[in-house]
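Read off the chains here:
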Amino acid sequence: MQTPYVIIDLDIVETKFRELSEALHSTELCYAVKANPGKPVIERLAALGASFDVASVPEIDLVLSCGVEPARISFGNTIKKQRDIAYAAQQGITRFTVDTMSELHKVLAEAPQAEVCVRLFHDCEGADWPLSKKFGCGFADAKKILIAAGNAGCTTGISFHVGSQQRNLDAWLAPLQLCQQLITEVSQETVAPEFVNLGGGYPGSYLDDTPHISVYGDAIRKSLYDVFGGNTPRLMAEPGRYLVADAGTLHTEVVLVSERDIDARRWVYVDCGVFGGLAETLGESIRYRLHTEHDASAPASQIVLAGPTCDSADIIYDKAGYFLPDNLQVGEVIRIASTGAYTTSYSAIGFNGFAPLAQGYINIVAMKEPAV
Ligand SMILES: Cc1ncc(COP(=O)(O)O)c(C=O)c1O
């Protein structure tokens, strides 16, 4: 296989699914397909009993083509064309997320028996890859939408997303308090919201350490208990990154090592950059672990790491302070760890003529008994 490419270890995907199922027990896990839409990934998760969060018609078709029943698919994107909602409904999908009244009207027009999930705004404080601002509504809007959906005969629930790669274990508490208050107030006017969707945010293993997933699970279950006591609603979650990040290793080749008179630093250019799948390094937000064949004790100095395209935004790490061995040579491969999430799915399809990031798999056939 020619670099750049990602190798996904499907056994690690399975282990992650089992660990998260245990950490958030009694929670329906809907894998956020956008994190890695590789068919073997979906098939392995489907065989384990996962449900799926999809964002578009192609993701719906992909998940259905893996034999997943429509009842296990949730159309979680809050920004949907009405014809796409109609398509989803024709396929038998009944679960839709909205954060505006106008989106609810589209859903009611095309899928009158829908299970409607209303997404609350979260500021994503503490997340390395925040998802705030663009999504979610405040308490007052959420209440109105939940009442309208309930009055229209829909089953309802509430979701939020604390931001991707969330490092604050208490981030789930405040939105859960809002959910509880909404359930109380809405149930005075119409059917009570039935479920809470805990969203994503569970971490991959990058340079900055995060606690084990069981510690996240303990914190979230404590928040649930503090808010709902023994009366917890039906729970869902939409993990993306956690299930696939650590299962992937990206292999990229050194194309050029240079020192130029305009900059004292060494620049290392590799064949996979920001446009080739490393989009989450924008703003140096996600800091991957880099490995070379050189001994860890070999002399090393600080570098700037950049991609191969003719675009000056294609700089992977500059200020983050990465070191690489001084005798790193052109043609060597750098392995970038925990690159199974948001890499192949972010890769451009042909910017500067470079092929999209390829993906291969190991442990493709081994299957153990279902986790749930
Ligand atoms: C609606 C929705 N759900 C779930 C996820 C997955 O989040 P994460 O990868 O942090 O688990 C995302 C990520 O963008 C999302 O947009």
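Values in this document were obtained by computation on a predicted structure and should not be read as measured data. (Residues numbered from 1 in each chain as written. Predicted model: local features only at pLDDT ≥ 70, side-chain atom pairs only at ≥ 80, totals over all residues. Heavy atoms only, no water.)

Q: Even after reading the chapter, I still don't get the site of the ligand, so can you show me in this structure?
A: In the vicinity of the ligand there are 14 residues, among which H161, S164, E238, G240 and Y342 approach most closely. Residue G240 places a main-chain N or O atom 2.8 Å away from an oxygen atom belonging to the ligand. For the ligand, an oxygen atom lies 2.5 Å from a polar atom in the side chain of Y342. Burial of the ligand by the protein amounts to 93% of the accessible area it has alone, namely 390 Å². A majority-of-atoms criterion places the ligand in the largest pocket. Across the shell around the ligand, the residue classes break down as four nonpolar, five polar and five charged. (Near = heavy atom within 4 Å. Polar contact = N/O pair within 3.5 Å; in protein donor to acceptor, adjacent residues only side chain to side chain. Areas by Shrake-Rupley, 256 points an atom, 1.4 Å probe, with all protein chains shown as cover. 1 Å grid on protein atoms, 1.4 Å probe; cavity = no way out; pocket = protein on both sides within 12 Å on 5 of 7 lines; lining within 4 Å. Sits in = over half its atoms within 2 Å of the grid points. Nonpolar A, V, L, I, M, F, W, Y, C, P; charged D, E, K, R; others polar.)

Q: What is the right way to read the packing of helix α1 (residues 10-23) against helix α2 (residues 39-47) from this model?
A: The relative placement of two packed helices is expressed as an angle between their axes plus a distance between the axes. Interaxial distance between α1 and α2 falls to 10 Å at its minimum, and their mutual angle equals 40°. One way to sum up the angle between α1 and α2 is to call them oblique. Along this stretch, α1 crosses α2, giving a crossing that reads as right-handed. Within the contact between the two elements, α1 uses L10, D11, V13, E14 and F17 and α2 uses P40, V41, R44 and L45. Of the residues belonging to the contact of α1 with α2, the class tally is six nonpolar, no polar and three charged. (Axes fitted to C-alpha atoms, helices over the stretch in contact; angles between N-to-C directions. Helix = DSSP H or I, 4+ residues; strand = E, 2+ residues; numbered from the N terminus. Parallel < 35°, antiparallel > 145°, perpendicular 65-115°, else oblique. Left-handed = near helix turned anticlockwise from the far one by under 90°. Contact = heavy atoms within 4.5 Å.)

Q: Just checking my understanding: could you explain the state of the cysteines for this structure?
A: One covalent bond between the sulfur atoms of two cysteine residues makes up a disulfide. Taken as a whole and assessed by the stated rule, the structure comprises zero disulfides. With no disulfide of its own, C117 lies closest to C179 among cysteine sulfurs, the gap being 8.9 Å. (Disulfide = S-S within 2.5 Å.)

Q: Help me out: how do you make sense of the packing of helix α7 (residues 173-187) against helix α8 (residues 213-228) in this one?
A: In the contact formed by α7 and α8, the axes pass within 9 Å of each other and the chain directions differ by 30°. The angle between α7 and α8 falls in the class roughly parallel. α7 and α8 meet at a crossing whose hand is right-handed. Within the contact between the two elements, α7 uses L173, L176, Q177, C179, Q180 and I183 and α8 uses S223, L224, V227 and F228.

Q: Just checking my understanding: could you explain α2 for this structure?
A: In an α-helix there are 3.6 residues to a turn, and that puts residues three or four apart on one side. If you check which residues of α2 are buried, you get P40, V41, I42, R44, L45 and A46. A positive backbone phi angle near 100° is found at G49, which sits one or two residues after α2. (Buried < 20%, exposed > 50% of the residue type's maximum accessible area, 1.4 Å probe, protein only.)

Q: In this structure, what is going on with the packing of aromatic side chains? I would like to understand it.
A: What characterises a pair of aromatic rings is the spacing of the ring centres plus the angle enclosed by the ring planes. Tallied over the full model, the rule gives nine aromatic pairs. A ring pair is formed by Y31 and F52, whose centres lie 6.4 Å apart and whose planes are at 80°; its orientation type is edge-to-face. With a gap of 21 residues between them, Y31 in strand β2 (residues 27-32) and F52 in strand β3 (residues 51-54) connect regions that are remote in the sequence. Comparing Y31 with F52 shows no difference in burial state: the two are buried. Their ring planes at 40° and their centres at 6.1 Å tell us that F75 and F96 sit as a pair that is tilted. (Phe/Tyr/Trp six-rings, centres within 6.5 Å; stacked < 30°, edge-to-face > 60°.)

Q: Sorry if this is basic, but what is going on with the pattern of salt bridges here?
A: Any two side chains of opposite charge can pair if their charged atoms end up close together. Under the defined criterion, the tally for this structure stands at 22 salt bridges. Residue E115 is joined to R234 by a salt bridge in which the shortest nitrogen-to-oxygen separation is 3.2 Å. Of the two residues, E115 is situated in strand β6 (residues 115-119) and R234 in strand β11 (residues 234-237); the sequence distance between them amounts to 119 residues. E115 gets classed as buried once you look at its relative accessible area, which sits at 14%. Given a relative accessible area of 33%, R234 falls into the partly exposed group. Between R335 and E293 there is a salt bridge whose closest N-O contact spans 3.5 Å. (Salt bridge = Lys/Arg side-chain N within 4 Å of Asp/Glu carboxyl O.)

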